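Remarks on the overall topology
Each chain, letter by letter, is given below.
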Amino acid sequence: MEPVYRALKITAKALVAATGTTITFQDLEHIPRSGGAVIAINHTSYVDWLPAALAANARGRRIRYMIKAEMQQVKVVNFLINHTKTIPVDRGSGSHAYAEAVRLLRDGEVVGLMPEATISRSFELKEFKTGAARMALAAHVPTVPLIVWGAQRIWTKGYPRDLGRRKIPVTVAAGPRLPPTGDVEQLDAALREGMTSLLHRVQEQYPHPEGAFWVPRRLGGGAPTVAEAKIIEDTEKAERARKRADPSAGPG
């Protein structure tokens with residue numbers, strides 16, 4: 001029965017209703033009603049997981065997410081991890097998480113992850129990690145591209161949260177399943193191609209005010225380009241490394 005997962009689903013739907021968010025689902029028939037599958041989701045916000053989970057739920061499925069292990073330090077999140085088959089990932093050594101994800105997939109579960117690993121500041125697709133392709137091939141299950149668009153307006157990196165009743169529209173679209181064939185590089189390339197095509201289609205259907213921070217530069221928005229976003233991310237990464245090396249050091 002998984003009562004914690006059920007309570008989480010009820011809470012998620014209540015939050016969506018409270019904020020007036022309208023979620024439009026497209027082509028969810030690509031999410032299989034039974035059997036293992038990898039759900040590969042783009043990553044533009046801190047709340048992508050919620051509309052993606054509701055999309056899977058509409059097909060009678062429960063996504064078992066892969067989440068960074070640091071989140072176990074938050075008591076509430078750790079409780080949810082332990083009661084929803086969520087998979088903590090240690091970015092320094094993810095072999096255990098990988099093995100657990102493959103086991104769940106072989107058991108017929110749906111595993112969800114963001115191939116970009118971190119939020120895209122450009123709101124375009126970043127470089128992919130190959131975990132989605134490797135797991136799908138190892139478990140011999142299909143991969144489903146899933147695009148969430150609009151959630152970056154609610155809560156994304158570098159901008160204040162907008163959790164009021166703003167009635168922000170969010171679109172969730174699934175793409176055709178990718179069979180577990182070829183090698184890792186081939187499947188990863190096919191996944192990126194499928195997600196890119198799907199992302200552009202969803203974007204074309206969504207209104208994008210000129211200059212808005214949450215709109216990609218390609219569409220006339222104020223978001224940084226992919227190259228500019230990478231510079232920002234590299235700078236932040238270097239600063240975190242500096243602080244780890246010398247915790248007593250102040251801002252540079």
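By the naming in an unreviewed UniProt entry, the protein is 1-acyl-sn-glycerol-3-phosphate acyltransferase, taken from Mycobacterium paraterrae.

**Some thoughts on the overall build of the protein**
In terms of regular secondary structure, the protein is built from 7 helices and 7 strands. Along the protein, from the amino end to the carboxyl end, the secondary structure elements read α-β-β-α-β-α-β-α-β-α-β-β-α-α. The globule rule puts the C-alpha radius of gyration for 252 residues at 18 Å, and the 18 Å found for the protein is close to it. With respect to the principal axes defined by its C-alpha atoms, the protein has extents near 50 × 45 × 40 Å. Going through the 252 residues of the protein one by one, you find that 44% of them count as buried. Carbon and sulfur atoms make up 56% of the accessible area of the protein, which amounts to about 13,000 Å² in all.

**Observations regarding the pairing of strand S2 (residues 37-41)**
Counting buried residues in S2 gives 5 out of 5 residues, a clear majority hidden from the surface. Both faces of S2 are covered, namely the face carrying Ala37, Ile39 and Ile41 and the face carrying Val38 and Ala40. Where S2 meets strand S5 (residues 110-113), 4 bridges bridge the pair, whose relative direction is parallel. When the bridges of S5 are listed, alanine 37 appears paired with valine 110. Alignment of S2 against strand S6 (residues 143-149), held across 4 bridges, turns out to be parallel.

**Some remarks on the pairing of strand S7 (residues 169-174)**
For S7, the tally of buried residues reaches 5 of 6 residues, placing the bulk of the element in the interior. In terms of strand pairing, strand S1 (residues 22-26) meets S7 through 5 bridges, oriented parallel. Each residue of the ladder has a partner; that of threonine 24, found in S7, is threonine 171.

What counts, and at which threshold
Residues numbered from 1 in each chain as written. Predicted model: local features only at pLDDT ≥ 70, side-chain atom pairs only at ≥ 80, totals over all residues. Heavy atoms only, no water. Helix = DSSP H or I, 4+ residues; strand = E, 2+ residues; numbered from the N terminus. Rg over C-alpha atoms; globule rule 2.2 N^0.38 Å. Buried < 20%, exposed > 50% of the residue type's maximum accessible area, 1.4 Å probe, protein only. Areas by Shrake-Rupley, 256 points an atom, 1.4 Å probe, with all protein chains shown as cover. Pairing = 2+ DSSP bridges.

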